[in-house]
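# Summary of structural features
Next come the chains, spelled out residue by residue.
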Amino acid sequence: MTQLTPRYLVSFHPKEIPHRFTDILIIGGGLAGLRAANAVPSDLSVMIVTKDAILQSSSNYAQGGIASVIDPEDRFEDHINDTLAAGGALCDQQIVDMVIREAPDRIAELMQWGTRFDSQAGVLQLGKEGGHSHHRVVHALGDATGREVMRAMVAWTQQSDNIQILENSFTLDLLTHEGCCRGALIAQQDGQKLMVWAKQIILCTGGAGQLYRESTNPTVATADGHAAAYRAGVELRDMEFMQFHPTVLYIAGSSRSLITEAIRGEGAYLVDQQRKRFMPDYDERAELAPRDIVSQAIVKQMNDSKHPCVYLLLDHLDPELVKKRFPGITASCAEFGIDVTTDLIPVRPGAHYMIGGVTVNQEGRTTLPGLWAAGEVSSSGLHGANRLASNSLLEGLVYGAHAGQGAAQAVSEMPDNFQAVPLDNLAVDQSTEILDLDDIRNSLKSLMGRNMNVQRTASNLQEASETIDRWRQYVLPRQFSDPQGWELQNLLTVARVMVAAALLREESRGVHLRADYPQIDDEQWKRHLRFRRPERVDQEHCPVG
Ligand SMILES: Cc1cc2nc3c(=O)[nH]c(=O)nc-3n(C[C@H](O)[C@H](O)[C@H](O)COP(=O)(O)OP(=O)(O)OC[C@H]3O[C@@H](n4cnc5c(N)ncnc54)[C@H](O)[C@@H]3O)c2cc1C
């Protein structure tokens, strides 16, 4: 029988743990979390917790930029249509409309708060990426947009006396009482646990790329927020939709660096080992087709040629322009002896962006009263079955603002109540066998890469599901004392939900490609798959424990 996911990762007793109180608790300090904090009026207290240093987030590593209609020749309708076209008929049209029309204000605000986007003679430079019909991506420092945006946002946030940032503090679980979210259980760097009680809680914990060996995501992206929400009974949806970035640098010994889509926007070709361009054979938009199409074409090329990667080629572009526009990629390739202006750059798809997540409405409310979510941890309906490039930082900004405002409004209607609620969780771990956690984690990443990758089949997914269940059986009931164990438990919890969703969806849509069901099937599957932790494992219709 499937192992029921335990409600909490560790045992605790409120009488033995220090308590803190704040008006609003924000879990995660990437762009979504910081934007949420800055939406809260200065008379309310805000605590932001991050599990690593504040700059360890996907936001900080974002390269290409933020999409917004800025050019007078561009139109909101075109950005909306591009987003809907990429989303495989699963976007929420109202949400797409709202987010895209809000984008120029959110960009202007970032500039007001100190972000210096690349510009020429006072006019913002705009890049073009896959799936966009117009140049509309604002960027900074060439290909290091996230670094500049986060530099400015952290500095801006640190000026606010009402916002406190608690770094290196791992959120273990959400605290719930009488059907409401009331705070979170946090482990600080010294191992000391802390219960933070808040009137409203905003979850902004980012993505899940660390489920895969080939991933662009930083080490913090271990799906902790998805897992904590799931354990607390919050609805997750669209978990089968993991977006793979088509061009992740593939060099043994290098970190799996992302080669931004903007490089193809500037004219780079995708070629095979004979330097033959192949994308025009797959799609009339060639290298600028949406990511799912490019990733799937690359996988087909690799399978057909039995070669482990394909290549980017820029030797037909102006070398000075390439070096100026992409200084980061030029430098990281040079470290491995690759001259990006003349040499083949080896690439293959890697896990990049978790489209699915905690279901939110247009204000950012989750299905659990008192809990809000924004950014990559959430599922807002903007991306549908496939995210359009550079729409995610935008989503984090828009939903960060909405969730911050909504939470602040809710707080203003609540009385002050500095009281811990009586929660008990005294689960005892009976196990004595020592586990090699790295071994299980590496095995999980390999399994996800083999069986839950760009192309899936029922038999691969079934095998993944059974294997993950076996690991869950002996890993989930354990009590660990540091992030290595907690992250593994979170990864297993979320992997199981993702695989269950992918197995259920018997069609191909957006980033979800079932080799055994290659067609889109609107009649049966033009809908979201929703998951909640069941109270009992044998509950009807629930494929996951
Ligand atoms: C290499 C790369 C390039 C990208 N380029 C672009 C781009 O050009 N344009 C674009 O739109 N998108 C891009 N993306 C995607 C985009 O960067 C992310 O989707 C976005 O930054 C997510 O923001 P976030 O605030 O939701 O999460 P993050 O920025 O990832 O922040 C997550 C935060 O949660 C904290 N956290 C996580 N777990 C816990 C825990 N257990 N306890 C406490 N804190 C926790 C982390 O410490 C961190 O502070 C890129 C992503 C990557 C990886």
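Let me begin by describing the structure that accompanies this report. Keep in mind that what you see is a predicted model, and the values were worked out from it rather than measured.

### Notes on the side chain of N38
Residue placement: N38 occurs in the loop between α1 (31-37) and β2 (46-49). A distance of 3.0 Å separates a polar atom in the side chain of N38 from a polar atom in the side chain of T157. Apart from residues lying up to four places away in sequence, N38 is in contact with W113, M153, W156, T157, S160 and I163.

### Description of the sheet that holds strand β3 (residues 66-67)
Across the sheet, three strands lie side by side as β3-β7-β6; this open sheet has antiparallel pairing. Each of the sheet's edge strands pairs with one partner strand only, and the pair in question is β3 and β6 (126-127). Of the pairings in the sheet, the one linking β3 to strand β7 (residues 137-138) comprises two bridges and is antiparallel in character. By the bridge assignment for β7, I66 is matched with V138.

### Notes on the sheet that holds strand β15 (residues 310-313)
Where strands meet in a sheet, backbone hydrogen bonds hold them as pairs that are either parallel or antiparallel. Taking strand neighbours across the sheet as the criterion, the four strands line up as β13-β16-β15-β14 in an open arrangement whose pairing is antiparallel. Of all strands in the sheet, those bounded by a partner on one side alone are β13 (242-249) and β14 (269-271). Shown here is a sheet whose adjacent strand axes are inclined to one another by a mean of 45°, direction ignored. Pairing between β13 and strand β16 (residues 345-354): six bridges, direction antiparallel. Residue M242 lies in a different strand from β16, and its bridge partner there is M354.

### A word on the site of the ligand
Near the ligand lie 37 residues; those nearest to it are S59, G64, G65, E376 and S392. The contact in question runs from an oxygen atom of the ligand to an N or O atom on the backbone of L31, over 3.3 Å. A distance of 2.8 Å separates an oxygen atom of the ligand from a polar atom in the backbone of L393. Against a free-state accessible area of 1000 Å², the protein chains account for coverage of 97% of the ligand. Counting residues per element, the ones that place at least two in the shell around the ligand are α1, α2 (58-61), β9 (170-177), β16 and α11 (392-412). The element contributing the most residues to the shell around the ligand is α2, with three residues. Its residues assigned to classes, the shell around the ligand shows 10 nonpolar, 22 polar and five charged.

### A look at helix α3 (residues 76-86)
Of all the residues in α3, the buried ones are H79, I80, D82, T83, L84 and A86. Residues of α3 that are buried in the fold lie against β3, α4 (93-112) and α11. Positive phi shows up at G88, right after α3, with a value of about 60°.

### Focus: the packing of α3 against α4
In the contact formed by α3 and α4, the axes pass within 10 Å of each other and the chain directions differ by 135°. With respect to α4, the axis of α3 lies oblique. Every pair of crossing elements has a handedness; the one defined by α3 and α4 is right-handed. Seen from α3, the contacting residues are F76, E77, H79, I80, T83 and L84; seen from α4, they are Q93, V96, D97, I100, R101 and P104. Counted by class, the contact of α3 with α4 contains six nonpolar, three polar and three charged residues.

### Quick word on the side chain of E395
Topologically, E395 is positioned in helix α11. In this structure E395 is buried but unpaired, with R387 as the nearest side chain of opposite charge at 7.8 Å. A polar contact of 3.1 Å, which involves the side chain of E395, links it to the side chain of H383. Once residues lying within four places of it in the same chain are set aside, the contact partners of E395 are Y353, G375, S378, S380, L382, H383 and G400.

### Some points on the packing of aromatic side chains
In total, this model carries five aromatic pairs according to the counting rule given. The interplanar angle of 90° and the centroid separation of 5.0 Å between the aromatic rings of Y8 and F12 together place this pair among those described as edge-to-face. For Y8, a relative accessible area of 13% translates into the label buried. On the basis of relative accessibility, which here comes to 4%, the residue F12 falls in the buried class. Sitting above the plane of the Y8 ring, R7 keeps its charged end 4.2 Å from the centroid. The ring centre of Y353 lies 4.4 Å from the NZ or CZ of R387, which sits over that ring.

### Things to note about the packing of α4 against α11
α11 packs onto α4 with a crossing angle of 90° between their chain directions and a minimal axis gap of 9 Å. In terms of axis orientation, α4 runs roughly perpendicular to α11. In this structure, α4 uses I95, M98, V99, E102, A103, R106 and L110 to contact α11, whose residues at the interface are L394, L397, V398, Y399, A401 and H402. Each residue belonging to the contact of α4 with α11 can be placed in one class, and the counts come to 10 nonpolar, one polar and two charged.

### Focus: the pattern of salt bridges
Throughout the structure, instances matching the rule amount to 34 salt bridges. The partner of R325 in a salt bridge is E266, and the shortest N-O contact between them spans 3.3 Å. With a gap of 59 residues between them, R325 in helix α9 (residues 319-325) and E266 in the loop between α7 (262-265) and β14 connect regions that are remote in the sequence. Look at E266 and you get partly exposed, because its relative accessible area is 32%.

### Here's the deal with the environment of P290
Looking at where P290 falls in the secondary structure, it is placed in the loop between β14 and α8 (291-305). Between the C-alpha atoms of P290 and G328, which are 38 residues apart in sequence, the distance is 24 Å. In contact with P290, not counting residues within four places along its chain, are G131, R285 and N386.

### Quick look at the pairing of β9
For a regular strand, side-chain orientation follows a simple rule: the groups alternate between the two sheet faces. Of all eight residues in β9, seven are buried; the element is thus mostly enclosed. With seven bridges connecting them, β9 and strand β10 (residues 180-187) associate as antiparallel partners. Residue pairing for β10: L174 is matched across the bridge by A184. Between the end of β9 and the start of β10, which pair antiparallel, lie two residues, with E178 showing a positive phi angle near 50°.

Rules behind the numbers
Residues numbered from 1 in each chain as written. Predicted model: local features only at pLDDT ≥ 70, side-chain atom pairs only at ≥ 80, totals over all residues. Heavy atoms only, no water. Helix = DSSP H or I, 4+ residues; strand = E, 2+ residues; numbered from the N terminus. Polar contact = N/O pair within 3.5 Å; in protein donor to acceptor, adjacent residues only side chain to side chain. Contact = heavy atoms within 4.5 Å. Pairing = 2+ DSSP bridges. Axes fitted to C-alpha atoms, helices over the stretch in contact; angles between N-to-C directions. Near = heavy atom within 4 Å. Areas by Shrake-Rupley, 256 points an atom, 1.4 Å probe, with all protein chains shown as cover. Nonpolar A, V, L, I, M, F, W, Y, C, P; charged D, E, K, R; others polar. Buried < 20%, exposed > 50% of the residue type's maximum accessible area, 1.4 Å probe, protein only. Parallel < 35°, antiparallel > 145°, perpendicular 65-115°, else oblique. Left-handed = near helix turned anticlockwise from the far one by under 90°. Lys, Arg positive; Asp, Glu negative; His and termini not counted. Salt bridge = Lys/Arg side-chain N within 4 Å of Asp/Glu carboxyl O. Phe/Tyr/Trp six-rings, centres within 6.5 Å; stacked < 30°, edge-to-face > 60°. Lys NZ or Arg CZ within 6 Å of the ring centre and 35° of its normal.

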